[in-house]
Amino acid sequence: QVHAVESGGGLVQAGGSLRLSCAASGRTFSTYAMGWFRQAPGKEREFVAAITWRSAMTYYADSVKGRFTISRDNAKNTVTLQMNSLKPEDTAVYYCASTIKILSDITPPSLYDYWGQGTQVTVSS
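Residues numbered from 1 in each chain as written. Predicted model: local features only at pLDDT ≥ 70, side-chain atom pairs only at ≥ 80, totals over all residues. Heavy atoms only, no water.

## Overview of the nonpolar core
Generally speaking, a soluble globular protein has its nonpolar side chains buried in company with each other. The cut-off we apply is this: Think of a nonpolar core as a cluster: buried Ala, Val, Leu, Ile, Met, Phe, Trp, Tyr and Cys residues, connected wherever their side-chain atoms sit within 4.5 Å. The buried label applies to any residue whose accessible area, calculated with a 1.4 Å probe on protein chains only, is under 20% of its type's maximum; exposed applies above 50%, and partly exposed to all values in between. Secondary structure is summarised from DSSP: a helix means a run of H or I of at least four residues, a strand means a run of E of at least two, and numbering begins at the N terminus for each. When checking whether two residues touch, look at their non-hydrogen atoms; a contact exists if any pair is within 4.5 Å.
Ranked by internal contacts, the top residues of the largest apolar core, which has 34 residues, are Trp36, Val48, Phe68, Val79, Leu81, Met83 and Tyr94. Those elements that place two or more of their residues in this core are strand S1 (2-7), strand S3 (18-26), strand S4 (33-39), strand S5 (46-52), strand S7 (68-73), strand S8 (78-83), strand S9 (92-99) and strand S11 (119-124). Ranked by residue count, the leading element in this core is S5, at five residues. Beyond its immediate chain neighbours, meaning those up to four positions away, Val79 contacts Leu20, Ser21, Cys22, Met34, Trp36, Ile51, Trp53, Ile70, Ser71 and Arg72.

## Considerations on the sheet that holds S1
For clarity, the cut-off: For two strands to count as paired, DSSP must find a minimum of two bridges between them. Axis lines are fitted through C-alpha atoms, for helices just across the contact stretch, and the angle between N-to-C directions can take any value from 0 to 180 degrees.
A sheet is described by the order of its strands in space; here four strands give the open sequence S1-S3-S8-S7, paired in antiparallel fashion. Of all the strands in the sheet, just S1 and S7 have a single pairing partner and so form its edges. Averaged over all pairs of adjacent strands, the angle between their axes in this sheet comes to 15°, without regard to strand direction. Both S7 and S8 contribute to a ladder of six bridges, which runs antiparallel. Its bridge partner being in S8, Ile70 is matched across the sheet by Leu81.

## Overview of the pattern of salt bridges
Inclusion rule: Salt bridge, as used here: a side-chain nitrogen of Lys or Arg that lies within 4 Å of a carboxyl oxygen of Asp or Glu.
If you walk through the whole model with that rule in mind, you get five salt bridges. Arg38 serves as the salt-bridge partner of Asp90, at 2.9 Å between the closest nitrogen and oxygen. Placement of the pair is Asp90 in the loop between S8 and S9 and Arg38 in strand S4, with a sequence separation of 52 residues. The salt bridge partner of Asp113 is Lys101, with a shortest N-O separation of 2.4 Å. Of the two residues, Asp113 sits in the loop between S9 and strand S10 (114-115) while Lys101 sits in the loop between S9 and S10, which places them twelve residues apart along the sequence. Taking relative accessible area as the criterion, Asp113 reaches 29% and is therefore assigned partly exposed. Residue Lys101 is classed as partly exposed on the basis of its relative accessible area, which comes to 31%. One network of salt bridges, in which partners are shared, links Arg38, Glu46, Arg67 and Asp90.

Next up, the structure:
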């Protein structure tokens, strides 16, 4: 089992930046990829970004490409999401998750095995 804890959420004005971190512990050696997802009130949880643990291949939702950057530090077992040029529509609870499944498409939330508690990101207009 992998335990993930998010940090770094908060309130920011549109156009601003936030940096989210996810600290993973437990059986991290079996992790294939880690991802960030978000869920706004009344909406389904959606994919934001993901990174494979060994090769550091990255994937982004079209809505965040060019604005968000995902990275990982294997030595510290952390994944970071740098969010720039934030928009009000980025407002949501952001979740960190990990998967041990080796798949070509790692964007669906249903493929992820372990989830953090989430951190609130609010972007004011």
